[in-house]
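Reading the structure
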Amino acid sequence: MFNPFKFFFPKATDPSGSSVPAGTRVYAVGDVHGCIGELNRLLIEIAGDCAGFEAETHLVFLGDLVDRGPASAEVVDRLDRRDLPCSKHHFLMGNHEEVMLNVLDSKVEQLPGWLRYGGIQTLESYGITREEVLRLGLDLPPRMREVIPERHVRFLRSLRDAIQIGDYLFVHAGIRPGVAIREQRTQDMRWIRQGFLDDDTEHGVTVVHGHTISSAPEIRPNRIGIDTGCYESGKLTALALEGSDRRFITTA
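From a predicted model like this one, the values you see are computed outputs, not experimental measurements.

**Points about the packing of helix α1 (residues 36-50) against helix α2 (residues 72-80)**
- Contact geometry for α1 and α2: axes closest at 9 Å, N-to-C directions at 30°. In this view, α1 runs roughly parallel relative to α2, as classed from their interaxial angle. Residue-level inspection shows Ile 36, Leu 39, Asn 40 and Leu 43 of α1 in contact with α2, the latter providing Glu 74, Val 75, Arg 78 and Leu 79.
- Grouping the amino acids of the contact of α1 with α2 by side-chain chemistry returns 5 nonpolar, 1 polar and 2 charged.

Listed below in structure tokens is the structure:
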């Protein structure tokens, strides 16, 4: 039966020669942004895709789990419960998690920007109304600490900046060209665009990232971008890697 929710892009060999270790399969998921329906559908497809694969499987989330979409609380809860396919799970920090945690820690100078770029939807998912946001103003962080479960906060604080598997480096936004991987700054890995997206420098790894929206996976010689703007497009994309082969799974 035709399934309107999934599209498998054809398998291709990475022309850069990058690969993951033999006997390993990796699924990297782009920016979820509070889209629980698309996340659930994609996880079903990944579970079916890796069924019967008896070696090691990795599931990597590239950050920006929260904001913009309607169900950030449900997304965080699902991932924190580890009710997920694959044998190993990795969760990276995006710029949206960074700012949300900063606001939670009473860095209220970041509150207006966070609300403008999707924080209001996150608060609504935790039961704080827009009217309450307006009434509380800069007194919002204590209210957030009341309603956001502590285990959600612990999960968000545990997110990592990068993980390397084989010849692939997974980060949220990208890296600074010309800087050794071990010397990359947190600010760049969570926020960079200019200086990374249009640079063709060979990094020694293929960088897999989200953060910057494209209508379809963006494949360059030194990087693969898989943020397909789920909160606007309904497309949540995963990159599947095995050996030197790669393919994409996306909802629509």
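**Let's talk about the nonpolar core**
- Counting residues in each nonpolar core, the largest one holds 48 residues, and the members touching the most others are Val 29, Leu 39, Leu 59, Phe 61, Leu 79 and Met 144.
- Not counting residues within four places of it along the chain, the set of residues in contact with Leu 59 comprises Tyr 27, Val 29, Leu 43, Ile 46, Leu 84, Pro 85, Cys 86, Lys 88, His 89 and His 90.

**Thoughts on the sheet that holds strand β8 (residues 206-213)**
- A sheet is described by the order of its strands in space; here 5 strands give the open sequence β6-β7-β8-β10-β9, paired in mixed fashion. Every other strand in the sheet has two partners, leaving β6 (162-165) and β9 (218-220) as the edge strands with one partner each. Within this sheet the neighbouring strands show an average axis-to-axis angle of 20°, counted without direction.
- Of the pairings in the sheet, the one linking β9 to strand β10 (residues 223-227) comprises 3 bridges and is antiparallel in character.

**Considering the confidence of the model for the protein**
- For the protein, per-residue confidence averages 94 on the pLDDT scale, and 94% of positions sit at 70 or higher.
- Across residues 1-9, where pLDDT falls below 50, the model places 21 contacts with residues more than four positions away in sequence or in other chains.

**Here we look at the pattern of salt bridges**
- What the rule picks out here adds up to 20 salt bridges.
- Note that Arg 151 and Asp 77 form a salt bridge whose closest N and O atoms lie 2.1 Å from each other. Of this pair, Arg 151 sits in helix α7 (residues 150-157) while Asp 77 is found in helix α2, placing the two residues 74 residues apart along the sequence.
- In this structure Asp 77 comes out as buried when scored by relative accessible area, which is 19%.
- In this structure, Asp 188 and Arg 176 form a salt bridge, with 2.9 Å as the shortest nitrogen-oxygen distance. Placement of the pair is Asp 188 in helix α8 (residues 186-191) and Arg 176 in the loop between β7 (168-171) and α8, with a sequence separation of 12 residues.
- Overall, the relative accessible area of 4% leaves Asp 188 in the buried class.
- By sharing partners, the salt bridges in this structure join Asp 77, Arg 78, Asp 80, Arg 81, Asp 83 and Arg 151 into a single network.

**Focus: the packing of helix α3 (residues 95-104) against α7**
- The interhelical angle for the contact between α3 and α7, taken along N-to-C directions, is 130°, at an axis separation of 10 Å. Considering the angle they form, α3 stands oblique to α7. By crossing handedness, the relation of α3 to α7 is classed as left-handed. Of α7, the residues touching α3 (which contributes Glu 97, Met 100, Leu 101 and Leu 104) are Val 153, Leu 156 and Arg 157.
- Among the residues forming the contact of α3 with α7, the class breakdown is 5 nonpolar, no polar and 2 charged.

Parameters and conventions
- Residues numbered from 1 in each chain as written.
- Predicted model: local features only at pLDDT ≥ 70, side-chain atom pairs only at ≥ 80, totals over all residues.
- Heavy atoms only, no water.
- Axes fitted to C-alpha atoms, helices over the stretch in contact; angles between N-to-C directions.
- Helix = DSSP H or I, 4+ residues; strand = E, 2+ residues; numbered from the N terminus.
- Parallel < 35°, antiparallel > 145°, perpendicular 65-115°, else oblique.
- Contact = heavy atoms within 4.5 Å.
- Nonpolar A, V, L, I, M, F, W, Y, C, P; charged D, E, K, R; others polar.
- Core = buried A, V, L, I, M, F, W, Y, C linked by side-chain atoms within 4.5 Å.
- Buried < 20%, exposed > 50% of the residue type's maximum accessible area, 1.4 Å probe, protein only.
- Pairing = 2+ DSSP bridges.
- pLDDT = per-residue confidence, 0-100.
- Salt bridge = Lys/Arg side-chain N within 4 Å of Asp/Glu carboxyl O.
- Left-handed = near helix turned anticlockwise from the far one by under 90°.

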